[in-house]
Amino acid sequence: MRPSIARVLALSACLCLASCSTIPEFPARGEFMGERFETHLDSEVARYYLEKYLQGKSEDPGIHSRIDAVHRRYDRPIPTREELGSISREMSVDFAALFLAHRLLSSPCNRDLNRSFVHYLADKGAAGADAAPYLLLFVPGWDYADLGHLTGADFARPRELATRYGFENHLVPLRPTGSVEENARILAAEIARHALSGKKILLAGSSSAGPTIHLALGRLVGAGAMKSIAAWLNIGGLLQGSPIVEHFRSGPRRLFVDLGIWWKGWSHDAVASLGTGPGRRRFQGLRVDPGILIVNYLGIPMSGHVGRYARDTYPVLRQEGPNDGLTLLADAIAPGSLTIVALGSDHFFADDPRIDEKTVALMKLMIAYVEKGAGKASGGC
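Source: prediction; values computed, not measured.

Engineer: Got a sec to walk through the overall build of the protein? Specific residues and values, please.
Structural biologist: Looking only at helices and strands, one finds 17 helices and 8 strands in the protein. Taken against the 2.2 N^0.38 rule, which gives 21 Å for 381 residues, the C-alpha radius of gyration of the protein at 20 Å falls within 12% of a compact globule. Seen through its C-alpha atoms, the protein measures out along the principal axes to roughly 60 × 50 × 35 Å. Each of the 381 residues in the protein was classed as buried or not, and the buried ones make up 57%. Contacts spanning at least 24 positions in sequence make up 75% of the contacts within the protein whose residues lie at least 6 apart.

Below is the structure:
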C-alpha cells in the first residue's frame, strides 16, 4: 500500500475515532543476537524484559514472577495472534513483540539460521555457493511501478546486487495494483515459463507479494514446475492480510478510503483482497510442498523503532497486538518455515541503512541452506 495514501487514511481514522493515542516512552538499552541498540519501549515491564530478564538477570522479583507466569502460560513455539493480543493487554505491546522474538529464537533451527545470517552480515568476504545454477524471481509489492523507487517494492537495488553476485534474475510482471488472485495466476505462469530453463528457482517477495506467492505455490503451480522451485524468501509478507484494510473500510472511515481508491484509480476488489477476511480464509486452504525451503525475514519493531512510512498505521494496529505497521506479526509467518528475526525493523525494510549488506547476506544464506538440503519444513534444518 502506498505510504502517503496509508498515512492520509490513518490520520483520517485518528480524526474520526481518536484511535492514535500517545504511546508511553521508557528509554531502554538492549542486546539482541550480539547487536546492541537503544530505543524506547511502551512500559516498564517491557524494559525490564529486554534489559534484565532476557539477559538472565533477576533484579525485581515481582516483575520477574509476572514474566515467568507468561512464559509458562504461553509455551507454544510460535504464539498465535490471539495469544500475542492477550499478552499485549496483560503486559504491553512491546513486551509481546519481544516475547515473539524470544519464542522464535528458542527454536534451535531458527537460532542456527539467525547466527548464520549474522555471520554472513559480519564477514563481507564470506563466500556463498555458486549462484549459476539458480534463477532468482523477484515478486514486487503493491504499486511498485509508481512508488517502488520510494518503498523498495520494485526490488531495483536487490536486483542490481543479485546481478553483481552472479544470479540470473527477473522481476515478475505483476499488475502493480492487481488483486492477490489475479497476480497469483501471473506468477504461476511465469514460474512455469522459467522452469524450462532447468535452473533452480528462488522466489523473493515482500508485502503484498507474500499472499500472491503463497496462493501460487499452494494452489496454482503445476507439479512439473513445482519441482524447479528450491526456496521462497518471504519478506514481511501480508500472508493473512492487513487489518488496515478493514479498519479503513468500516464506519465513517470508508468515505476517506473510497475517495483515495477513486483518486488512485485502484480496484475496490483488489484492495479488498489484501484484507484479513479474504487473507485468512485463503491462508487456511493452502499447503506448500514441504520440500521447498521457506524463510521469513520478519521485521519486529518496538514502538521506538517505527519509521516514517509506518508511524501513522502502526498505532492504529496496536489495539490488536504487535505489528509492523501493515500486518500483525504472527500473520506474516509462513507455515512450515524458518524465520530471521529483524528486531527493530518495521514493514518498510528499504529504510534500513544496512539493507544492501543484508540483501547480500540473505542471498548467500539462502543458497547455503538450499545446498545443505534444509527445505523439509521447519524440522529439516
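Engineer: Describe the sheet that holds strand β6 (residues 229-235), with residues and values.
Structural biologist: Within the open sheet, the 6 strands sit side by side as β4-β3-β5-β6-β7-β8. Their pairing is parallel. Since the sheet does not close on itself, it has two edges, and those belong to β4 (168-171) and β8 (338-343), each with one partner. Looking at each pair of strands side by side, their axes are set apart by 15 degrees on average, direction ignored. Alignment of β6 against strand β7 (residues 293-300), held across 5 bridges, turns out to be parallel. Looking at β7, one finds that A231 is bridged to L293.

Engineer: Tell me about the pairing of β8, and please be specific about residues and values.
Structural biologist: Among the 6 residues of β8, 6 are classified as buried, and the element is accordingly described as predominantly covered. A two-sided burial pattern is seen for β8, the buried positions comprising L338, I340 and A342 on one face and T339, V341 and L343 on the other. Where β7 and β8 come together, 6 bridges link them in parallel fashion. When the bridges of β8 are listed, I300 appears paired with L343.

Engineer: Tell me about the pattern of salt bridges, and name the residues and values.
Structural biologist: All chains considered together, the criterion is met by 21 salt bridges. In this structure, the salt-bridge partner of E82 is R81, at a minimum N-O distance of 3.0 Å. A salt bridge links R175 to E182, with the shortest nitrogen-to-oxygen separation between them at 3.1 Å. A relative accessible area of 44% places R175 in the partly exposed class. Accessibility expressed as a relative area gives 24% for E182, which makes it partly exposed. Salt bridges here are not isolated pairs; linked through shared partners, they connect R81, E82, R280 and D331.

Engineer: So what's going on with a nonpolar patch on the surface? Residues and values would help.
Structural biologist: Residues L259, W262 and W263 make up a contiguous nonpolar surface patch of about 450 Å² in total accessible area. Residue placement: W263 occurs in helix α13 (residues 253-264). On the basis of relative accessible area, W263 is assigned to the exposed category, the value being 54%.

Engineer: Give me the nonpolar core: which residues, what numbers.
Structural biologist: Membership of the largest hydrophobic core comes to 53 residues, with the highest contact counts inside it found for L187, I191, L203, L217 and V221. Of the residues forming this core, the biggest block, 6 residues, is contributed by helix α9 (residues 180-195). Sequence-distant contacts of L217, that is, excluding residues within four places in its chain, are made with I191, L203, M226, I229, W232, R287 and V288. Counting 35 residues, the second largest nonpolar core, distinct from the first, contains V45, I63, Y74 and L100.

Engineer: I'd love a proper account of the environment of L286, names of residues and values included.
Structural biologist: One can find L286 in the loop between α15 (276-284) and β7. Taking relative accessible area as the criterion, L286 reaches 2% and is therefore assigned buried. With residues near it in sequence (within four places) discarded, L286 still touches H214, L215, G218 and R219.

Engineer: Which residues make up the pairing of strand β5 (residues 200-206), and what are the values?
Structural biologist: Counting buried positions over the 7 residues of β5 gives 6, a clear majority of the element. Sheet topology note: the strand β3 (residues 134-139)/β5 ladder contains 6 bridges and is parallel. By the bridge assignment, F138 is partnered in β5 with A204.

Engineer: Give a detailed account of the side chain of H347, specifying residues and quantitative values.
Structural biologist: Among the structural elements, H347 can be located in the loop between β8 and α17 (355-371). The class for H347 is buried, based on a relative accessible area of 7%.

The rules behind these values
- Residues numbered from 1 in each chain as written.
- Predicted model: local features only at pLDDT ≥ 70, side-chain atom pairs only at ≥ 80, totals over all residues.
- Heavy atoms only, no water.
- Helix = DSSP H or I, 4+ residues; strand = E, 2+ residues; numbered from the N terminus.
- Rg over C-alpha atoms; globule rule 2.2 N^0.38 Å.
- Buried < 20%, exposed > 50% of the residue type's maximum accessible area, 1.4 Å probe, protein only.
- Contact = heavy atoms within 4.5 Å.
- Pairing = 2+ DSSP bridges.
- Axes fitted to C-alpha atoms, helices over the stretch in contact; angles between N-to-C directions.
- Salt bridge = Lys/Arg side-chain N within 4 Å of Asp/Glu carboxyl O.
- Patch = residues over 30% accessible without salt bridge, like charges linked within 9 Å, V, L, I, M, F, W, Y side chains within 5 Å.
- Areas by Shrake-Rupley, 256 points an atom, 1.4 Å probe, with all protein chains shown as cover.
- Core = buried A, V, L, I, M, F, W, Y, C linked by side-chain atoms within 4.5 Å.

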